[in-house]
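Observations on chain architecture
Listed here are the chains, written in short residue letters.
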Amino acid sequence: MINKIFNSAKDIVIDIQDGSIIAIGGFGGSGMPNQLIDALIEQGAKDLTIVSNNAGNGDQGLAALLKAKRVKKLICSFPRQKDAYVFEELYRNNEIELEVVPQGTLAERLRAAGCGIGGFYTRTAYGTLLSENKETKEIDGQGYVFEKALAVDYSLIYAKAGDRWGNLIYNKTARNFAPIMAMAAKTTLVAVDQICELGDLDPEIIITPGIFVDRVTLKSEIGA
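Residues numbered from 1 in each chain as written. Predicted model: local features only at pLDDT ≥ 70, side-chain atom pairs only at ≥ 80, totals over all residues. Heavy atoms only, no water.

Re the overall build of the protein
Regarding its fold elements, the protein presents six helices and eleven strands. By principal-axis analysis of the C-alpha atoms, the protein measures approximately 55 × 40 × 30 Å. By the burial criterion, 48% of the 224 residues in the protein qualify as buried. Carbon and sulfur atoms make up 48% of the accessible area of the protein, which amounts to about 11,100 Å² in all. Counting 24 positive and 28 negative side-chain charges, the protein places the averaged centre of each group 2 Å from the other. (Helix = DSSP H or I, 4+ residues; strand = E, 2+ residues; numbered from the N terminus. Buried < 20%, exposed > 50% of the residue type's maximum accessible area, 1.4 Å probe, protein only. Areas by Shrake-Rupley, 256 points an atom, 1.4 Å probe, with all protein chains shown as cover. Lys, Arg positive; Asp, Glu negative; His and termini not counted. Charge placed at Lys NZ, Arg CZ, Asp CG, Glu CD.)

Okay, here's the thing in structure tokens:
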């Protein structure tokens, strides 16, 4: 019987190793799996490469992971904002590496990995610093940059509800990067507000099918 439900976040992050590449869902605070990140901090993995939309907010969630100095590299679209002071201090002190990727390109690199596509050409960033040391090509008179797919070892995401097979639905904008991050990961770890019985989730509203999900835990159980 397929059952992807785990008792706690401690159980589902236990095998994350030093040096792992981890995608973390969220758009600012919306959809950020804060409790999974807290469990990862407690677990102790270090020298991580984190893929995220931004560089953390305040002192919680991703910012807390950065503050604990567990991250060696951040791949994101939006590293600068008024409450990203943890990241800014680390970056100014040369304590973290940054790779800036335009938001649409970041999303497509993750999606490409999930679809088995090695890479793609995009006009975004052509002729800018972000295209340095990358393959470029002219197509129909337009310049394009080749971007590689971005596969990750783990994805940490938050969803509204899931079942024991790992099928997921999301709450509005909390969905953001989560579906493509689940596709791009070797192992997807999910915190949900509610665990439903099989068949309770309408197939027409399932966004992430269970084939992309490996472990699920109740948000209320995290830290237990």
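Remarks on the pattern of salt bridges
Taken as a whole, this structure holds eleven salt bridges when the rule is applied. For R215, the salt bridge goes to D15, with nearest N and O atoms at 2.8 Å. Note that R215 is positioned in strand β11 (residues 215-218) and D15 in the loop between α1 (9-12) and β1 (21-24), a separation of 200 residues in sequence. By relative accessible area, which is 14% here, R215 ends up buried. (Salt bridge = Lys/Arg side-chain N within 4 Å of Asp/Glu carboxyl O.)

Observations concerning the sheet that holds strand β5 (residues 119-122)
Pairing is antiparallel across the open sheet formed by three strands, whose spatial order is β5-β7-β6. Strands at the two margins of the open sheet, each flanked by one partner only, are β5 and β6 (136-139). For this sheet, the mean inter-axis angle between neighbouring strands, taken without regard to orientation, is 35°. As judged from the four bridges shared by β5 and strand β7 (residues 142-148), these two strands associate in the antiparallel manner. The residue of β7 that forms the bridge with F120 is E147. Across the sheet, helix α5 (residues 103-115) touches β5 and β7, and the angle it forms with β5 is around 155°. (Pairing = 2+ DSSP bridges. Axes fitted to C-alpha atoms, helices over the stretch in contact; angles between N-to-C directions. Contact = heavy atoms within 4.5 Å.)

Considering the layout of surface pockets
Considering only enclosed or pocket space, the largest pocket measures out at about 210 Å³ in volume. Only β4 (97-100) and β7 provide two or more residues apiece to the lining of the largest pocket. For the lining of the largest pocket, the per-class residue count stands at four nonpolar, one polar and six charged. (1 Å grid on protein atoms, 1.4 Å probe; cavity = no way out; pocket = protein on both sides within 12 Å on 5 of 7 lines; lining within 4 Å. Points joined across faces, edges and corners; volume = space filled by probe spheres on them. Nonpolar A, V, L, I, M, F, W, Y, C, P; charged D, E, K, R; others polar.)

Considerations on α5
End to end, α5 covers 18 Å across 13 residues, agreeing with the expected 18 Å (1.5 Å per residue, within 8%). Turning to α5, its buried residues number three or more, namely T105, L106, R109, L110 and A112. Down the axis of α5, the smallest arc covering the buried residues is 160°, so these residues share one side. Backbone geometry just downstream of α5 places G116 in the positive-phi region, at approximately 75°. (Expected span 1.5 Å × (residues − 1). Arc of directions from axis to C-beta.)

A closer look at a nonpolar patch on the surface
Together, I2, W165 and L198 make up an exposed nonpolar region whose accessible area comes to about 280 Å². Looking at where L198 falls in the secondary structure, it is placed in the loop between β10 (185-196) and β11. (Patch = residues over 30% accessible without salt bridge, like charges linked within 9 Å, V, L, I, M, F, W, Y side chains within 5 Å.)

Observations regarding the packing of aromatic side chains
Counted under the stated rule, the structure contains two aromatic pairs. For the ring pair F87 and Y91, a centre distance of 5.6 Å and an interplane angle of 25° mean the geometry is stacked. Taken together, the residues F87 and Y91, both in helix α4 (residues 85-92) and four residues apart, mark about one turn of the helix. (Phe/Tyr/Trp six-rings, centres within 6.5 Å; stacked < 30°, edge-to-face > 60°.)

Description of the environment of L150
Within the element layout of this structure, L150 appears in the loop between β7 and β8 (152-163). Setting aside chain neighbours within four positions, we find L150 in contact with V51, I75, L106, R109, L110, A113 and A184.

Overview of the nonpolar core
Grouped together as the largest cluster of nonpolar side chains are 32 residues, with contacts concentrated most on I16, I22, I24, I50, L65 and L156. A23, A159, Y170 and A185 belong to the second largest nonpolar core, which has 23 residues in total. (Core = buried A, V, L, I, M, F, W, Y, C linked by side-chain atoms within 4.5 Å.)

Concerning the pairing of β8
Taken across its twelve residues, β8 has ten buried, putting it largely inside the fold. Pairing between β1 and β8: three bridges, direction parallel. Across the sheet, the residue bridging to I22 is Y154, located in β8. Examined bridge by bridge, β8 and β10 share ten bridges and lie parallel to one another. Along β10, the bridge assignment pairs L156 with L189. Note: β8 against strand β9 (residues 168-169), two bridges, orientation antiparallel. If you follow G162 over to β9, its bridge partner there is L168.

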